[in-house]
Every structure is written in structure tokens, then in C-alpha cells.
Amino acid sequence: MSEAGRVLVVGDVMTDVIVRPEGPLVRGSDRRAKIQSRPGGSGANQAVWLGSMGTRVSLVARVGARDKPHLEAYFKGFHVDPLLVADPQEPSGVLVILLDADGERSFLTDRGANLALEPSDMPVWLLDETRLVLVSGYSLFAEGPRRAVLWLAGEARRRGIPIAIDAASAGFLREVGVGTFLEWTRGMSTLLANADEAEALSGTGDLGEQMAALGGYFERVIIKRGARGAAVGGRQGVRLDEPAPRVEVADTTGAGDAFAAGFLAAELGGAGEAECLRRGIEAGSRAVTRLGGQPE
């Protein structure tokens, strides 16, 4: 394990039900499909990728009470310290992923126990050994977990600990309102967003303009551009823009989470920004070649 400092990840734990139909859905009738169930959730994905890369990482989440023992064992297998709170009423979250022939996906989400996350679930005692707090934007899109995350973020800022936020969902950003999201994330240091999320937050599809606009709110902006690679910048525009290698895409689920883990693990290990970007792209490119959002 790296001694560079702990990453504290706050986010959802889900079960991903991956559905790959043989062709277009037939309304009111049948379509053969390959259906698989795998562990998922943006926060969980990030934590597992970080742990698999040798980074000290703890994951804070709320899960259904009956799932807690096997989920704890699962995360420990990836060198993740699981700080899971057992919810006595709500089941663990479930995400249904519908895969197109080209690997693009659509989601149906039941966040279950994740929506019951509370400030009292937050392990404030761990902040003294935490070097970075990584937050999934999904945790901001509902009142309960938002209150918990913003309380923890305030405690982290008081200790001078940087906070990275993953924008998570262009659809939910538009639903809650861009201005509202930017107000919630005020004071967080790094924004991770894919191209759609960056466009939703900035109001423009131009990469340089996205960086300049979002750099007014965050010290650093990292935009994940899928097959086009990724870029890093801020108020002054784009600093680095690197392409992705061409790979055979099986499933894009979790690619952004793998990218975030690759970038941040490299940074915590002392790598420069260009190397961090390369390592993030490398991890994201590896993730799309297999089903599910987590490493083997």
C-alpha cells in the first residue's frame, strides 16, 4: 500500500444489473438479452480502482443491513477499508444498465439505502490521516446524503484537506440546476466531469471555454472526453489535452471512475500532471474493454 496518505471516498454502493439486448427493444414483447449482475456504484467503483492501484482508501456508504457482511468482505478483497453503515429499512441500491451495440449505456436507478446517508455516518476521525476527500456528485442530488457530504466537506476544508468532486450525471445537473450545484461545491478544489457534464455546467461545447468557465469555480478542472482522451486546465484554459488509445469497447460503465482513480493515485504517488493524465487515460481505456465498472 502507498504511504502517500489516505483517500476518503464518499459515494454510492450499488448492484449493477447489466443488460445487453441482442437488438432493439420491442415494446410490449420479448427480446433475448445477456444479463449479468456485478458490484457497482460510482463511489464504490472509484474506491475499488484506487485500492487495486495500491492507494490507501476508505469508502463511506450506506447499504442494506443484510448486504453489509458480504460487501465488507468484497471491498476488503480490493484493499479498501469499508466504512459501511447498515440501513435497517432500505435495501442496497440497484442500477440497471442497458447497453447499446456500441457499448454506450442508459441507466435506470434505484439508489435505495444510499439516499439515507446521514452526517452521523461520516467518519470525521479519519480526516487527520486523510490526504484527499473524493466525492461522487450523486451524493449531492438528494437532500439526505447532500447534507452529510457538505458537512464532511466543511470539516475537511477546516483542516486544509483538498476535496475532489465528480459531477456524476449531466441529467441530474440539469435537474437540480447548474447554479445550485456550483453553490453546493463552492470551496472544493478539483472538478472531474465528462464532456456532457462539462457542457451542462459551462453552457458551451468548446473545451477551452469549458475550462475557463469552470476554472472560475474550481482550482483545477479535469474533463474526461471518452475516446478523445482527457484534458486538465483551469481559469487560464487548457493546460494539457491527451488522446486515448484505440481499444475495443465492451462497456463504458465505470470508465470515468477508473480514470479518476488512475489520475489521483498517480498524483498521490508524486507524479507530475502530465503523467497523472496519462495514467488516468490508461486506466479508463482498460476499464472499457470489460463488462462492469470495477477491475477483476
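The structure presented is a predicted model; accordingly, all values stated were derived computationally and were not measured. (Residues numbered from 1 in each chain as written. Predicted model: local features only at pLDDT ≥ 70, side-chain atom pairs only at ≥ 80, totals over all residues. Heavy atoms only, no water.)

Asks: What is the right way to read the pairing of strand β1 (residues 6-10) from this model?
Replies: Both faces of the sheet carry side chains from a regular strand, because those side chains alternate between them. Most of β1 sits inside the fold, with five of its five residues counted as buried. Going residue by residue along β1, you find Arg6, Leu8 and Val10 tucked away on one face and Val7 and Val9 tucked away on the opposite face as well. In terms of strand pairing, β1 meets strand β8 (residues 130-136) through five bridges, oriented parallel. Following the sheet pairing, Val7 is matched in β8 by Leu132. Judged from the four bridges that link them, β1 and strand β4 (residues 57-64) form a sheet pairing that is parallel. Bridging across to β4, Leu8 finds its partner in Ser58. (Buried < 20%, exposed > 50% of the residue type's maximum accessible area, 1.4 Å probe, protein only. Helix = DSSP H or I, 4+ residues; strand = E, 2+ residues; numbered from the N terminus. Pairing = 2+ DSSP bridges.)

Asks: Whenever I open this one, the packing of aromatic side chains confuses me. Can you help?
Replies: For any pair of aromatic rings, the description rests on two quantities: the centre-to-centre distance and the angle between the ring planes. Per the counting criterion, the structure on display carries seven aromatic pairs. Seen in terms of ring centroids, Tyr138 and Phe172 are 6.2 Å apart; in terms of plane orientation they differ by 85 degrees. Their pairing is edge-to-face. Remark: Phe172 occurs in helix α4 (residues 170-176) and Tyr138 occurs in the loop between β8 and α3 (143-158); sequence separation between them is 34 residues. One aromatic cluster is present, formed by Tyr138, Phe141, Phe172 and Phe181 through successive ring pairs. (Phe/Tyr/Trp six-rings, centres within 6.5 Å; stacked < 30°, edge-to-face > 60°.)

Asks: Just to check I follow, could you spell out the environment of Gln36 for this structure?
Replies: As for its placement among the helices and strands, Gln36 is situated in strand β3 (residues 33-40). For Gln36, a relative accessible area of 24% translates into the label partly exposed. Spatially, the C-alpha atoms of Gln36 and Ala195 are 28 Å apart, while their sequence positions differ by 159 residues. Once residues lying within four places of it in the same chain are set aside, the contact partners of Gln36 are Asp16, Val17, Ile18 and Leu291. (Contact = heavy atoms within 4.5 Å.)

Asks: Please explain the sheet that holds strand β2 (residues 14-21) as it appears in this structure.
Replies: In any sheet, the strands associate via hydrogen bonds between backbone groups, in a parallel or an antiparallel arrangement. Across the sheet, which stays open at both edges, the four strands sit in the order β3-β2-β6-β7 with mixed pairing between neighbours. Edge positions in the sheet fall to β3 and β7 (105-110), since each has one partner strand and no second. Taken over all neighbouring pairs, the strand axes of this sheet differ in orientation by 20 degrees on average, direction set aside. Inspection of the sheet shows strand β6 (residues 93-99) paired to β7 by six bridges, in the antiparallel sense. When the sheet's bridge partners are listed, Ile97 is paired in β7 with Phe107. (Axes fitted to C-alpha atoms, helices over the stretch in contact; angles between N-to-C directions.)

Asks: Help me understand the sheet that holds strand β13 (residues 237-242) in this model?
Replies: Taken together, the nine strands give an open sheet; going across it, the order is β5-β4-β1-β8-β9-β10-β11-β12-β13, and neighbouring strands pair in mixed fashion. Both edges of this open sheet fall to β5 (80-87) and β13, since each of them pairs with a single strand only. Neighbour-to-neighbour, the strand axes of this sheet turn through a mean angle of 20 degrees, independent of strand direction. Alignment of strand β12 (residues 230-234) against β13, held across five bridges, turns out to be antiparallel. Among the inter-strand pairings, Ala231 is bridged to a residue of β13, identified as Asp241. Lying on the sheet, helix α2 (residues 68-76) is in contact with β4 and β5; it crosses β5 at an angle near 170 degrees. In this fold helix α6 (residues 195-202) packs onto β9 (163-166), β10 (190-194) and β11 (220-224), with an angle of close to 115 degrees to the strand it touches most, β10.

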